[in-house]
Amino acid sequence: MRIDVVSIFPSYFDGLTLSLLGKARDSGILNLDVRDLRDWTHDRHRTVDDTPYGGGAGMVMKPEPWGLALDELAASDSRASERPTIIFPSPAGEVFTQATARDLATREHLIFGCGRYEGIDERVFEYAADLGEVRLISLGDYVLNGGEVAVMAMVEAIGRLIPGVVGNPESLVEESHEDGLLEYPSYTKPSVWRDREVPPVLLSGNHGAIAHWRREQQLERTRRRRPDLLED
Ligand code: SAM
């Protein structure tokens, strides 16, 4: 999979050289490139923002650098079998879920555009729709200073679903949200720690009883912490 990220703070993404995604990049499973939006400016100050039409507080990201960035990054797909998926993180977008991650993990090319200030000039989203499928995606119902942290979270959630990134694919199947429920509790050695015991069923060796206990724990936990998931 190819992922391009455009940001005015590319060094935010240095962490994506570490751990499983770092290895996936080294091995070529994931082709991740982070670009500085200012590279597509042409003035001395490398300006990416301006005051909002209609007045109001804050600045808005100018369309011109975004247009040039998208032209360059999407144009390289002209011979590819599918158009890129262009994702703009936004608190006003659809909420990112495991299902979103699973869907996006099947795409050939993702382009992420990180907003800052009051956001990006609206015409950029319209223009991007001529180049690929546009998705405005929110990390949750709160406001961040910029799209970088949201894109880091999305790239990690998507990246670990790409075949070969996580060593044992079985570990992906049993995780929270994969079957609509939260995961059961996990324990490791020692079996007694500070007077707290591991549930005896997990030491029983009875695989049927363990599977039954885990399922019960998933339901109970989901009912208690996230009843909205059971409604869905
Ligand atoms: N004025 C915008 C609004 O009210 O919808 C918020 C702008 S926010 C300060 C700047 C940038 O942070 C956004 O353009 C977006 O890229 C990112 N951002 C903020 N909150 C986010 C969230 N919950 N999910 C995804 N991206 C977010």
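Rules and cut-offs
Residues numbered from 1 in each chain as written. Predicted model: local features only at pLDDT ≥ 70, side-chain atom pairs only at ≥ 80, totals over all residues. Helix = DSSP H or I, 4+ residues; strand = E, 2+ residues; numbered from the N terminus. Buried ≥ 20, exposed ≤ 12 C-beta atoms within 10 Å, placed from the backbone. Contact = placed C-beta atoms within 7 Å. Pairing = 2+ DSSP bridges. Axes fitted to C-alpha atoms, helices over the stretch in contact; angles between N-to-C directions. Core = buried A, V, L, I, M, F, W, Y, C linked by C-beta atoms within 7 Å. Expected span 1.5 Å × (residues − 1). Arc of directions from axis to C-beta. UniProt positions renumbered as here; feature names shortened; annotations may be inferred. Near = placed C-beta within 6 Å. Nonpolar A, V, L, I, M, F, W, Y, C, P; charged D, E, K, R; others polar.

Trainee: Is there a simple way to think about the overall build of the protein chain in this case?
Mentor: Helix and strand counts for the protein chain stand at eight helices and nine strands. Residue burial in the protein chain is summarised as follows: out of 232 residues, 25% are buried. Expressed as a percentage of contacts within the protein chain between residues at least 6 apart in sequence, the contacts between residues at least 24 apart total 75%.

Trainee: I keep staring at the sheet that holds strand β1 (residues 2-7) and nothing clicks. Help me out?
Mentor: Pairing between sheet strands relies on hydrogen bonds along the backbone, with the strands arranged either parallel or antiparallel. Strand order in this open sheet of five strands is β2-β1-β6-β5-β7, and the pairing throughout is parallel. Every other strand in the sheet has two partners, leaving β2 (31-36) and β7 (133-138) as the edge strands with one partner each. Each adjacent strand pair in this sheet contributes to an overall mean axis angle of 30°, direction not counted. Here strand β5 (residues 85-95) runs beside β7; their pairing, made up of seven bridges, is parallel. Within the sheet, the bridge partner assigned to Phe88 lies in β7 and is Leu136. Across the face of the sheet, helix α5 (residues 148-159) comes into contact with β1, β5, β6 (109-113) and β7 while running at roughly 170° to β1.

Trainee: What exactly am I supposed to notice about the nonpolar core here?
Mentor: In globular proteins that are soluble, nonpolar side chains generally tend to be buried together. Judged by nonpolar contacts, the single largest core of 40 residues is most densely connected at Phe112 and Val151. Among the secondary structure elements, those contributing two or more residues to this core are β1, α1 (19-27), β4 (60-61), α2 (63-75), β5, β6, α4 (123-128) and α5. The dominant element in this core, judged by the number of residues it contributes, is α5, at six residues. Ignoring any residue separated from it by four or fewer positions in sequence, one finds Val151 in contact with Val5, Pro89, Phe112 and Cys114.

Trainee: Help me understand α2, please; the structure alone is not making it clear to me.
Mentor: Along an α-helix, a turn takes 3.6 residues, which lines up residues three or four apart on a common side. Counted at 1.5 Å a residue, the expected span for α2 with its 13 residues is 18 Å, and the 18 Å between its end C-alpha atoms agrees. All of the buried residues along α2 are Pro65, Trp66, Ala69, Leu70, Leu73 and Ala74. With its buried residues spanning 140° around the axis, α2 presents them on a single face. Residues Asp71 and Ala75 are exposed on α2 and point more than 90 degrees away from its buried face. Next to the buried residues of α2 lie β1, β2, β4, β5, β6 and α4.

Trainee: For this particular structure, what's the right way to read the UniProt feature "binding site: S-adenosyl-L-methionine" (unreviewed entry) in the protein chain?
Mentor: UniProt records the feature "binding site: S-adenosyl-L-methionine" (unreviewed entry) at Gly115, Leu139, Gly140, Asp141, Tyr142, Val143 and Leu144, using the numbering of this structure. Take Gly115: it is sitting in the loop between β6 and α4. A count of 24 C-beta atoms within 10 Å places Gly115 in the buried class. Apart from the residues within four sequence positions on either side, Gly115 is in contact with Met61, Phe88, Pro89, Ser90, Ile120, Gly146 and Gly147. With respect to the helices and strands, Leu139 occurs in the loop between β7 and α5. Among the residues examined, Leu139 registers 19 C-beta atoms within 10 Å and is labelled partly exposed. When sequence neighbours within four positions are dropped, the list of residues in contact with Leu139 reads Pro89, Phe96, Ala150 and Ala153.

Trainee: I'm lost on the site of the ligand in this one. Help?
Mentor: Contacts to the ligand come from 19 residues, most closely from Pro89, Pro91, Gly115, Gly147 and Ala150. The element that contributes the greatest number of residues to the shell around the ligand is β5, accounting for four residues. Residues of the shell around the ligand, tallied by class, amount to nine nonpolar, eight polar and two charged.

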